[in-house]
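Fold and geometry: a report
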Amino acid sequence: LNYVPSTNYPAVASRVITEIQAGQAPTFDAVYLTEFNMAKLYSRGFLEPFDWTGTFNHVSRDSIYFDDGGILIATIFTLPVYNTNLVKSQELPNQWEDLLSLKWRRKLVVAKYVQHWVSLSEVWGEEKSVEFLRRLRAQEPLYPLYPEIQTRLASGEYPLAASQVSPFVEVASQRGMPINYVERVTPVPVLFDMMGVPKRARHPNAARLFVAFSLTPEGQEVWANFTGRSSLFIPGT
């Protein structure tokens, strides 16, 4: 097994798409992407469908998406997070709209990905979401990758992040970094992390076995221990 970690899911999706369009076997036999990025492969017909429930007794329909091409491995959530040494409890936002206060102008980091805002829009609707993001952009935030948010907050360079996905916050807690959720903000967007086998994969059966293993209790424990992720559809996680 050759595991290639990545901090940039869009780059992985783009690489796989480019390779398949060029008639090449993709670099990866299985890909781990957010639902938003897996949809890019699905929309082009670049995910290999498979009879998961008919082959593996432990795989349920709750975990299968994109016409049997995407398998949900982990459910994560996102909230604003802050440096606990720099921001007092009474100063924290009470709702998403509080991020638009002038006191946070040029003091915010905003993850450069959009999937958490897409998830939030499912509750808010398009008009409210677009207006919120327009005003958030006017705050002149920094747009880093998820791992960079950790560094910027922990170092004290920025006091508050508009959002951060839960696995990074869990890792920060384990490492004693002064980062925590702004827990009172609602609604809480939930995101899906998925695995899939791309078209023309060199070892599709090995990839399917690995994906199926990831949904066993043992596989979920591995993902939880090393990445802070697990699925709400697997009992015991």
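The following refers to the structure shown. (Residues numbered from 1 in each chain as written. Predicted model: local features only at pLDDT ≥ 70, side-chain atom pairs only at ≥ 80, totals over all residues. Heavy atoms only, no water.)

A word on the packing of aromatic side chains
All told, the structure shown has 14 aromatic pairs when counted by the stated rule. For the pair phenylalanine 50 and phenylalanine 56, a centre-to-centre distance of 6.4 Å together with 50° between the ring planes defines the contact as tilted. Centroid distance phenylalanine 77 to tyrosine 181: 5.2 Å. Interplanar angle 40°. Geometry classified as tilted. Residue phenylalanine 77 is found in strand β3 (residues 70–83), and its partner tyrosine 181 is found in strand β6 (residues 179–181); the two are separated by 104 residues along the sequence. Here a set of aromatic residues connected by ring pairs shows up, and it is made of Tyr3, Tyr9, Tyr32 and Trp223. (Phe/Tyr/Trp six-rings, centres within 6.5 Å; stacked < 30°, edge-to-face > 60°. Helix = DSSP H or I, 4+ residues; strand = E, 2+ residues; numbered from the N terminus.)

Here we look at the packing of helix α6 (residues 146–154) against helix α7 (residues 166–174)
Packed helix pairs are characterised by how far apart their axes lie and by the angle those axes make with each other. Running from amino to carboxyl end, α6 crosses α7 at an angle of 40°, the nearest separation of the two axes being 10 Å. Judged on the interaxial angle alone, α7 and α6 are oblique. Where α6 crosses over α7, the two elements pack in a sense that is right-handed. Contact residues: α6 offers Tyr146, Pro147 and Gln150, while α7 offers Phe168, Val169 and Ala172. A per-class count over the contact of α6 with α7 returns 5 nonpolar, 1 polar and no charged. (Axes fitted to C-alpha atoms, helices over the stretch in contact; angles between N-to-C directions. Parallel < 35°, antiparallel > 145°, perpendicular 65-115°, else oblique. Left-handed = near helix turned anticlockwise from the far one by under 90°. Contact = heavy atoms within 4.5 Å. Nonpolar A, V, L, I, M, F, W, Y, C, P; charged D, E, K, R; others polar.)

Observations regarding the environment of glutamate 127
With respect to the element layout, glutamate 127 can be found in helix α5 (residues 126–137). Judged by relative accessible area, which is 72%, glutamate 127 ranks as exposed. In this structure, the C-alpha to C-alpha distance between glutamate 127 and proline 167, residues 40 residues apart in sequence, is 30 Å. (Buried < 20%, exposed > 50% of the residue type's maximum accessible area, 1.4 Å probe, protein only.)

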